[in-house]
Amino acid sequence: MKLSIVTICYNSVNTLERTINSVIGQNCPDLEYIIVDGGSTDGTLDIIRKYHDSGKVTRYISEKDAGISDAFNKGIALSSGDVIGLINSDDRYVPGVLEKVCRMYDQHGTDFILYGNMIRESNGKTVRIRPRSLPQLWIYVDCPYDHPTVFVPRTIYDQVKFYNTNYRFSMDYDFYVRAMKAGVTFRYLDEDIAIFSMGGISSRSARDCHREVLQIQKVNGMFPLLTYLTYTLKMFVNLLKRALLWTTVFTL
């Protein structure tokens, strides 16, 4: 089985090399590595070219894109593997995990989406995030899977289609909703797969993410009472967090 890994980046000179090394340092027999750059101007391209010239990066492009979904789609279209993983330029894979992913697909075929555990890293501290229980219910609350830990066979992308460029934050959530509707099987691998660095675009835009999730739920005909209830609760919690932050700042 051939595994393709796609990294999207833009002006990521401070973090990209760490991501690249987490991919090329894996013991995976048939690995293709593709980088999609959004037209960086900070030295990111020098890093990409260095690893491409050494043969460690299989392919790369550097051009303006229409957002994260568009960059994901470009990388998937460029890839030739049977299974595709997406790891962004401020995240990284746990050492040795891609061999376990390949073994899982070699043993069980490629008719399922695989997902696992994620390590969330913030201010020097790490927390293990396990996938949410009862994903068919959790999908009404938020995304049950963390995209750096997810691997999707090409045949499933062909069936469900790629990421919707109308969504700026929640394109992965939209993809999982559509995959569930299509009857795709999701299989859990109880391993730490990726280390996620807090501070990305979705981390900074919780309210916009919630609004996109609600829109996706409506478009896909999910049960309205549950969708509006969870949306209201999430927005209320977000409001409380903001109020607590301002109270803390004011009292300081």
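Relevant structure appears above.
Cut-offs used in this document
- Residues numbered from 1 in each chain as written.
- Predicted model: local features only at pLDDT ≥ 70, side-chain atom pairs only at ≥ 80, totals over all residues.
- Heavy atoms only, no water.
- Helix = DSSP H or I, 4+ residues; strand = E, 2+ residues; numbered from the N terminus.
- Rg over C-alpha atoms; globule rule 2.2 N^0.38 Å.
- Buried < 20%, exposed > 50% of the residue type's maximum accessible area, 1.4 Å probe, protein only.
- Areas by Shrake-Rupley, 256 points an atom, 1.4 Å probe, with all protein chains shown as cover.
- Lys, Arg positive; Asp, Glu negative; His and termini not counted.
- Charge placed at Lys NZ, Arg CZ, Asp CG, Glu CD.
- Axes fitted to C-alpha atoms, helices over the stretch in contact; angles between N-to-C directions.
- Parallel < 35°, antiparallel > 145°, perpendicular 65-115°, else oblique.
- Left-handed = near helix turned anticlockwise from the far one by under 90°.
- Contact = heavy atoms within 4.5 Å.
- Patch = residues over 30% accessible without salt bridge, like charges linked within 9 Å, V, L, I, M, F, W, Y side chains within 5 Å.
- Salt bridge = Lys/Arg side-chain N within 4 Å of Asp/Glu carboxyl O.
- Nonpolar A, V, L, I, M, F, W, Y, C, P; charged D, E, K, R; others polar.

Now for the overall build of the protein chain. In terms of regular secondary structure, the protein chain is built from nine helices and nine strands. Taken over C-alpha atoms, the radius of gyration comes to 18 Å for the protein chain, in line with the 18 Å a tight globule of 252 residues would show. With the C-alpha coordinates aligned to their principal axes, the bounding extent of the protein chain is approximately 50 × 45 × 30 Å. Looking at the protein chain as a whole, 49% of its 252 residues are labelled buried. Approximately 12,700 Å² of the protein chain is accessible, and the part contributed by carbon and sulfur atoms is 54%. In the protein chain, the 29 positive side-chain charges and the 27 negative ones have mean positions that sit 6 Å from each other.

Here we come to the packing of helix α1 (residues 16-24) against helix α2 (residues 44-53). Contact geometry for α1 and α2: axes closest at 10 Å, N-to-C directions at 20°. Relative to α2, the element α1 is oriented roughly parallel. Here the hand of the crossing between α1 and α2 comes out right-handed. Taking contact as the criterion, the partners of L16, E17, I20, N21 and I24 in α1 are, on α2, T44, I47, I48, K50 and Y51.

The next thing to look at is a nonpolar patch on the surface. On the surface, F223, L225, L226, L229 and L233 cluster together to form a nonpolar patch covering roughly 490 Å² of accessible area. Judged by relative accessible area, which is 31%, L226 ranks as partly exposed.

Taken N-terminus to C-terminus, the directions of helix α7 (residues 171-181) and helix α8 (residues 206-219) make an angle of 25°; their axes are 10 Å apart at the nearest point. Classified by the interaxial angle, the pair formed by α7 and α8 is roughly parallel. The hand of the α7/α8 crossing is right-handed. Each of Y173, D174 and V177 in α7 lies in contact with α8, whose residues at this interface are V213, I216 and Q217. Taken together, the residues that form the contact of α7 with α8 break down as four nonpolar, one polar and one charged.

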